[in-house]
Amino acid sequence: MTLPSIDRDRAVAQEALDGCQPTAQALRYVRRRYPQLPDPLHLLAPRWERALGAAATLHSARAPLPAGSLLKIHSGIYAPSPELCLAQLARESTDQELILYGGLLCGSFAIDPICATGLRERAPLTDVATIARFARLHPGIKGLKALRRCLPHMTELAASPPEVFLRMALCLPHRLGGFGCEGALVNHAIPLGKRGQNLAGRSSLVPDLYWPGCRLDVEYDADSIHLTSHQAMLDATKRLALEAEGYRVITVTSLQLGSSRHMANVAREVSRCAKRPMRIRSKRFPKSHRSLFALDWSLRTLFETPDQHESGRDAGKPGKSTAPRPDREY
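Per-chain numbering applies: the sequence of each chain, read as written, is numbered from 1 onward. The model is predicted, so local features are restricted to residues of pLDDT at least 70 and side-chain atom pairs to those at 80 or more, both for listing and for counting; the totals for chains, interfaces and linings are taken over all residues. Computation of side-chain values: all heavy atoms of the structure, hydrogens and water removed.

1. Considering the overall build of the chain
Argument step 1. If you tally the helices and strands in the chain, you get 13 helices and 14 strands.
Argument step 2. Partly exposed describes any residue whose relative accessible area lies between the buried limit of under 20% and the exposed limit of over 50%, with all areas from a 1.4 Å probe on protein chains only and scaled to the type maximum. Burial statistics for the chain: of 330 residues in total, 44% are counted as buried.
Argument step 3. Between two residues, a contact is recorded if the distance between any of their heavy atoms is within 4.5 Å. Partitioning the contacts of the chain with sequence separation of at least 6, the portion at a separation of at least 24 is 65%.
Argument step 4. With residues, only the protein chains shown are counted as cover, and all accessible areas are computed by Shrake-Rupley using a 1.4 Å probe. A total accessible area of about 17,200 Å² is found for the chain, and carbon and sulfur atoms account for 54% of it. Runs of H or I in DSSP of at least four residues are treated as helices and runs of E of at least two as strands, each being numbered from the N terminus.

Set out below in structure tokens:
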């Protein structure tokens, strides 16, 4: 099932915020409609008011919001547009976190704890061009300087959170903690020759990460415990067809993706295929690399109880949970 894209025709701005009154009753209403939202809820109000306890954090809007920056998602409930959301996040996020958030909003998936894999397909909520246009048209909004700085590194059209982080780990520049293997296309269809078509039963395939200059495909493979037999068959057929067409296929599992050491091996192989030696010269790399791999790239905290989250943090293994992907055709 593919979810519809957001309805920007229902977008509003200051008029919705002016009538906003964050009360305990309103908070319960939001909780009933969207029980999957993590604590605390972050609420935007026209002015600062008394806090609603630990369950909510109030933010005040000191300047008028741009037209179309609030989207009606349910009766009486509005959410910031993806572009305004990123500008808000930019005020309190690191560059790495903001690049991750941007990739999630530009991805072709939605978080759905009810679904077996935790994800559903959907049209991207935004894209880099739309975010850039928002920043250009509304220069007075706080957070736009950091957002503009991070825009070139955001991933578009990823089909899952692990695909966003896979591209970040391999392609971000050394100063941001990545391995600098630039040039990867995400979920970009490539045509097949006759032999590949006979094996795949279709005219094209869509690699997860594809370097066209060296005919290299890096595939994210969820752990077998999350993989249906049908998806395993599709993955095997995809790899067979690509290799028959002369493409090199490298598979990365969630455990590899959560390991800096294993991803360094993958990056070296990507660099070797691209005939570009991997030389890390940035003095900021060690610290940035550690913070990059400390990100909750699998979004596991959205699916865990507070006790489980604390247990995982105590174990010192952020981002190393198995991260499924949606069952999808290739």
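2. Some words on helix α11 (residues 260-273)
Argument step 1. By definition here, a helix of n residues has an expected span of 1.5 Å times n minus one. Taking 1.5 Å as the rise per residue, α11 with 14 residues should run 20 Å; its terminal C-alpha atoms sit 20 Å apart, in good agreement.
Argument step 2. Restricting attention to buried positions, one finds in α11 the residues M263, A264, V266, A267, V270, S271 and C273.
Argument step 3. Positive phi shows up at K275, right after α11, with a value of about 60 degrees.

3. Observations regarding the pattern of salt bridges
Argument step 1. Criterion for a salt bridge: a side-chain nitrogen of Lys or Arg within 4 Å of a carboxyl oxygen of Asp or Glu. Taken as a whole, this structure holds eight salt bridges when the rule is applied.
Argument step 2. Here D39 ties to R31 by a salt bridge, and the two come within 2.1 Å at their closest N and O atoms.
Argument step 3. Residue D39 is classed as exposed on the basis of its relative accessible area, which comes to 57%.
Argument step 4. For the salt bridge of D112 with R120, the shortest nitrogen-to-oxygen distance reads 2.4 Å.

4. Quick look at the environment of D208
Argument step 1. Among the secondary structure elements, D208 is positioned in the loop between β11 (204-205) and β12 (209-211).
Argument step 2. Classification of D208 by relative accessible area gives buried; the value is 0%.
Argument step 3. When the C-alpha atoms of D208 and R167 are compared, they prove to be 9.3 Å apart, with 41 residues separating the residues in sequence.

5. Things to note about unusual backbone geometry
Argument step 1. Following D39, the chain continues to P40 via a peptide bond in cis, the omega torsion being -10 degrees.
Argument step 2. Of note in this structure, N187 is not a glycine but carries a positive phi near 50 degrees.
Argument step 3. As for its placement among the helices and strands, N187 is situated in the loop between β9 (185-186) and β10 (190-191).
Argument step 4. A positive phi angle is found at K275, which is not glycine, with a value near 60 degrees.

6. A word on the sheet that holds strand β2 (residues 11-12)
Argument step 1. Two strands qualify as a pair provided DSSP detects at least 2 bridges between them. Strand order in the open sheet formed by three strands is β2-β5-β6, with antiparallel pairing between adjacent strands. Lying at the two open borders of the sheet, with one neighbouring strand each, are β2 and β6 (77-80).
Argument step 2. Pairing geometry for strand β5 (residues 70-74) and β6, over four bridges, is antiparallel. If you follow L71 over to β6, its bridge partner there is A79.

7. Some details on the side chain of K238
Argument step 1. Among the secondary structure elements, K238 is positioned in helix α9 (residues 229-244).
Argument step 2. Looking at K238, the relative accessible area reads 4%, which means it is buried.
Argument step 3. Polar contact is the term for a pair of N or O atoms within 3.5 Å; when the atoms are in protein, one must be able to donate a hydrogen and the other to accept it, and sequence-neighboring residues count only if both atoms are side-chain atoms. Polar side-chain contacts of K238 include one of 2.6 Å to the backbone oxygen of V206.
Argument step 4. Within the structure, K238 has its side chain in polar contact with the side chain of E219 (distance 2.9 Å).

8. Details of the sheet that holds strand β13 (residues 216-221)
Argument step 1. Judged by pairing direction, the sheet is mixed, and its four strands sit side by side in the order β9-β12-β13-β14 without closing on themselves. Each edge of the open sheet is held by one strand with a lone partner, namely β9 and β14 (248-253).
Argument step 2. Sheet analysis places β12 next to β13, joined by three bridges and oriented antiparallel. Opposite Y210, over in β13, you have D217 as the bridge partner.
Argument step 3. Simply put, an axis is a line fit to the C-alpha atoms, just over the touching stretch for a helix, and the angle between two N-to-C directions goes from 0 to 180 degrees. Sheet contacts for helix α7 (residues 161-171): β9, β12, β13 and β14; angle to β12, the most-contacted strand, approximately 35 degrees.
Argument step 4. Strands in contact with α9 are β13 and β14; relative to β14, the strand with the most contacts, it is inclined by about 150 degrees.

9. Quick notes on the packing of aromatic side chains
Argument step 1. Put simply, two rings from Phe, Tyr or Trp (the six-membered ring, in Trp's case) pair if the centres are within 6.5 Å, and we call them stacked under 30 degrees between planes, edge-to-face over 60, tilted for the rest. Going through the model one piece at a time under the given rule, you end up with four aromatic pairs.
Argument step 2. Look at F179 and F285: their rings are 6.2 Å apart centre to centre, the planes differ by 55 degrees, and that puts the pair in the tilted class. You can see F179 sitting in the loop between α7 and β9 and its partner F285 sitting in helix α12 (residues 285-292), a full 106 residues away along the chain.
Argument step 3. Taken together, the aromatic side chains of F165, F293 and W297 make up a single cluster linked through ring pairs.
Argument step 4. Whether a charge lies above a ring is judged from NZ of Lys or CZ of Arg, which has to be within 6 Å of the ring centre and within 35 degrees of the ring normal. A cation sits over an aromatic face here: R215 above Y247, 4.0 Å from the ring centre.

10. Some points on the nonpolar core
Argument step 1. We define the nonpolar core as a collection of buried residues of types Ala, Val, Leu, Ile, Met, Phe, Trp, Tyr and Cys that are connected through side-chain atoms lying within 4.5 Å of one another. With 63 residues, the main nonpolar core has L166, L170, W211, V218 and M263 as its most contacted residues.
Argument step 2. Counting residues per element, this core draws most heavily on α7, which supplies seven residues.
Argument step 3. Filtering out sequence-adjacent residues up to four positions away, W211 remains in contact with L170, C171, C181, E182, G183, A184, L216, V218, V270 and R276.

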